[in-house]
Amino acid sequence: MEEALDYGRFTPDNTKETAYLLLSTAKQQNRISADIINTYVKFPCEAPQPTLRRAALLWLENKTGTMSSYQQIAAGDPFYSPAQHREVLRAVTEVSGKPKAEQVAWYRMISRSACEGAT
């Protein structure tokens, strides 16, 4: 991982070996793990179902202690409601209390489900 700020507008593209993130900004906002998750967690389709995608990402953020607030998510998605957020958090809390193997199985299942019928 390298600091993207060092490259200015000539930041190289991310590769499998090297990620270029605004680490200094992310560190100030305590968002390094969340930025890594949002940059590198990929679904097996181009347009995953938004609520299931959000559940998977919030579970990962929960595991790294960087869970996004409703306000952060809603700022980028005007169609995300407080009721949806409560439901996603309920699911994340429930799965987070299960044994590790069950959590991993849930993550794999939710990732696949998010892509069923997607383009």
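Predicted model, so just to flag it, every value in this text is computed and none were measured.

### Side note on the packing of aromatic side chains
Piece 1. Summed over all chains, the structure comprises three aromatic pairs.
Piece 2. Ring pairing ties together the aromatic residues W59, W106 and Y107, which thus form one cluster.
Piece 3. Over the ring of Y80 we find R54, and its NZ or CZ is 4.0 Å from the ring centre.

### A closer look at the pattern of salt bridges
Piece 1. In total, this model carries three salt bridges according to the counting rule given.
Piece 2. Note that R54 and D77 form a salt bridge whose closest N and O atoms lie 2.9 Å from each other. Taken as a pair, R54 in helix α3 (residues 50–64) and D77 in the loop between α4 (70–76) and α5 (82–96) lie far apart in primary sequence, 23 residues in all.
Piece 3. Between E87 and R90 there is a salt bridge, and its shortest N-O distance comes to 2.7 Å. Placement of both E87 and R90 in helix α5 is noted, with a separation of three residues, approximately one turn of the helix.
Piece 4. When salt bridges with common partners are traced through the structure, they connect E87, R90 and E94 into a single cluster.

Thresholds, definitions, all that
- Each chain carries its own residue numbering, running from 1 in the direction its sequence is written.
- With the structure being a predicted model, the display of local features is reserved for residues of pLDDT at least 70 and the display and counting of side-chain atom pairs for 80 or more, all residues being used for whole-chain, interface and lining totals.
- No hydrogens and no water enter the side-chain calculation; it runs on all heavy atoms of the structure.
- Note on aromatic contacts: the rings of Phe and Tyr and the six-membered ring of Trp form a pair at centre separations within 6.5 Å, being stacked when their planes are under 30 degrees apart, edge-to-face when over 60 apart, and tilted otherwise.
- Criterion for a charge above a ring: Lys NZ or Arg CZ within 6 Å of the ring centre, and within 35 degrees of the ring normal.
- Between Lys or Arg on one side and Asp or Glu on the other, a salt bridge is scored when a side-chain nitrogen of the former is within 4 Å of a carboxyl oxygen of the latter.
- Comment: elements are numbered from the N terminus, with helices defined as DSSP H or I runs of at least four residues and strands as E runs of at least two.

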